[in-house]
Amino acid sequence: MEALAIFKDFWICIVLVAIAGIYCLVMTRNFIRVLIGLELMTKAVTLLIIVAGLASGRLALAQALAITLIVVEVVVVSVAAGIVLSVFRLNESLDIRKSRNLKG
Amino acid sequence: MVILTIVLLALMLIAALWTVMTRGLIRAVLGLAATSIVLTILMFMLGASLAAVFELSVCAGLITVIFASTIAMTQPSSRSALMEKMRHRMRRYWYLPAIIVVVGAALAWLSIGASVSLPAPLSAVADVKKVLWDSRQTDLIGQIIVIFTGVFGVIVLFKERKT
């Protein structure tokens with residue numbers, strides 16, 4: 001019962017942080033802000049994994065999964081930052097609307 | 001303890017909102033680092049200390065550095081044009097606090113009578129190092145492959161082209 005109470009305390013905040021990330025992804029026109037929105041969503045998911053692990057009594061497994069998620073996250077951000085730099089060199093701009101030459 | 005948790009959750013939400021709504025990119029990255037730090041404290045409080053250390057060193061440290069160097073290398077040519085753009089962008093972001101308040105109130109109202117079915121807790125608490133090295137070895141191999149993929153991806157992206 002206590003585990004359920006922990007889950008209820010956290011899940012509203014997790015959903016709201018994920019919504020902030022999705023809003024950033026949808027509304028922004030800057031490549032770097034797209035990555036920031038993605039990061040925010042990942043933070044929400046990391047907290048969700050830990051809270052779910054604690055609530056179900058499998059915290060060790062949840063920590064292992066969270067560590068995997070963090071490693072994947074940092075690799076995705078590094079490669080995406082490299083792609084953003086390449087796009088900037090090509091277009092001299094970080095505006096998504098000016099990246100029409102990536103189409104097709 | 002419960003009050004501290006709620007204060008930390010509110011802080012995390014405020015840091016996330018600041019990250020999305022602030023004007024400067026560097027400020028947004030600092031907001032992201034602040035979100036990471038609050039998340040680390042929450043993870044320590046929940047007992048996930050190993051994952052918290054990873055979160056603090058990698059997400060609050062390394063990713064902030066990656067973002068800061070990317071921003072430094074992509075400075076726009078004209079600063080006045082950037083400021084003009086920033087002035088107009090706030091109009092698109094004013095809806096976010098309203099959406100957060102409405103969705104938060106709706107979720108709080110829904111969660112009053114909601115019941116979540118969880119699996120039965122395990123009797124023996126497993127050690128995280130044992131789980132990571134014994135049960136989840138495939139994950140570790142996957143992590144190594146992902147890291148190598150990232151390294152090769154960055155090498156390919158920054159390879160000097162022969163002209």
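So, how was this worked out
Residues numbered from 1 in each chain as written. Chains lettered and ligands numbered in written order. Predicted model: local features only at pLDDT ≥ 70, side-chain atom pairs only at ≥ 80, totals over all residues. Helix = DSSP H or I, 4+ residues; strand = E, 2+ residues; numbered from the N terminus. Buried ≥ 20, exposed ≤ 12 C-beta atoms within 10 Å, placed from the backbone. Contact = placed C-beta atoms within 7 Å. Rg over C-alpha atoms; globule rule 2.2 N^0.38 Å. Domains from an automatic or database assignment. Axes fitted to C-alpha atoms, helices over the stretch in contact; angles between N-to-C directions. Parallel < 35°, antiparallel > 145°, perpendicular 65-115°, else oblique. Left-handed = near helix turned anticlockwise from the far one by under 90°. Nonpolar A, V, L, I, M, F, W, Y, C, P; charged D, E, K, R; others polar. Core = buried A, V, L, I, M, F, W, Y, C linked by C-beta atoms within 7 Å. Expected span 1.5 Å × (residues − 1). Bend = angle between axes of the 7 residues up to and from the residue.

## Notes on the overall build of chain B
And then number 1: Within chain B one finds seven helices and zero strands.
And then number 2: The N-to-C order of helical and strand elements in chain B reads α-α-α-α-α-α-α.
And then number 3: Classification of the 163 residues of chain B by burial places 21% in the buried group.
And then number 4: Relative to all contacts within chain B whose residues are 6 or more apart in sequence, the contacts with residues 24 or more apart total 51%.

## Observations concerning the overall build of chain A
And then number 1: Scanning chain A for helices and strands turns up three helices and zero strands.
And then number 2: Taken from N to C terminus, the helices and strands of chain A fall in the order α-α-α.
And then number 3: Since a compact globule built from 104 residues should have a radius of gyration of about 13 Å, the 17 Å found for chain A marks it as more spread out than a globular shape.
And then number 4: Seen through its principal axes, chain A has C-alpha atoms that stretch 55 × 25 × 20 Å.
And then number 5: When each of the 104 residues of chain A is scored for burial, the buried share is 48%.
And then number 6: If you take every contact in chain A between residues at least 6 apart in sequence, the share linking residues at least 24 apart comes to 48%.

## Some details on the interface of chain A and chain B
And then number 1: Listed by partner, the interface residues are 56 residues for chain A and 64 residues for chain B.
And then number 2: Mapped by element, the contributors of at least two residues to the side of chain A that touches chain B are α1 (2-27), α2 (31-55) and α3 (59-91) of chain A.
And then number 3: When residues of the side of chain A that touches chain B are assigned to their parent elements, the largest contribution, 24 residues, is made by α3 of chain A.

## Here we look at the domain arrangement of chain B
And then number 1: According to the domain assignment, chain B consists of domain 1 (1-73) and domain 2 (129-163).
And then number 2: Each of domain 1 of chain B and domain 2 of chain B has a C-alpha centre, and the two are 24 Å apart.

## Observations concerning the packing of helix α1 (residues 2-21) of chain B against helix α2 (residues 25-46) of chain B
Think of two packed helices as two axes; the pair is described by the angle between the axes and how far apart they sit.
All names here are of chain B.
And then number 1: Running from N to C, α1 and α2 cross one another at 160°; their axes reach a closest spacing of 8 Å. In terms of their interaxial angle, α1 and α2 are classed as roughly antiparallel. α1 and α2 meet at a crossing whose hand is left-handed. For the pair α1 and α2, contact is made by Thr5, Leu8, Leu11, Met12, Ala15, Ala16, Trp18 and Thr19 and by Ala28, Gly31, Leu32, Ala34, Thr35, Val38, Leu39, Ile41, Leu42 and Met45, respectively.
And then number 2: Its residues assigned to classes, the contact of α1 with α2 comprises 14 nonpolar, four polar and no charged.

## Digging into the environment of Arg92 of chain B
And then number 1: Here Arg92 of chain B shows up in helix α4 (residues 79-93).
And then number 2: Spatially, the C-alpha atoms of Arg92 of chain B and Met21 of chain B are 9.5 Å apart, while their sequence positions differ by 71 residues.

## Examining the nonpolar core
And then number 1: Among the nonpolar cores identified, the biggest contains 64 residues, and Val17, Ala20, Ile50 and Ala66 of chain A together with Met12, Ala16 and Ala48 of chain B are the most heavily contacted of them.
And then number 2: Contributions of two or more residues to this core are made by α1, α2 and α3 of chain A together with α1, α2, α3 (49-73) and α6 (128-135) of chain B.
And then number 3: With 14 residues, α3 of chain A is the largest single contributor of residues to this core.
And then number 4: What Ala48 of chain B contacts, discounting residues up to four positions off in sequence, is Ile50, Leu59, Ala62, Gln63 and Ala66 of chain A together with Met43 of chain B.

## Regarding α3 of chain B
One full turn of an α-helix is made of 3.6 residues, so residues set three or four places apart face in the same direction.
And then number 1: The first and last C-alpha atoms of α3 of chain B sit 35 Å apart over 25 residues, in line with the 36 Å expected at 1.5 Å per residue.
And then number 2: The largest bend in α3 of chain B amounts to roughly 25° and is located at Glu55 of chain B.
And then number 3: Of the positions making up α3 of chain B, those classed as buried are Ala51, Ala52, Phe54, Glu55, Cys59, Ile63, Phe67 and Thr70 of chain B.
And then number 4: Summarising the contacts, the buried residues of α3 of chain B are in contact with α2 and α3 of chain A together with α2 of chain B.

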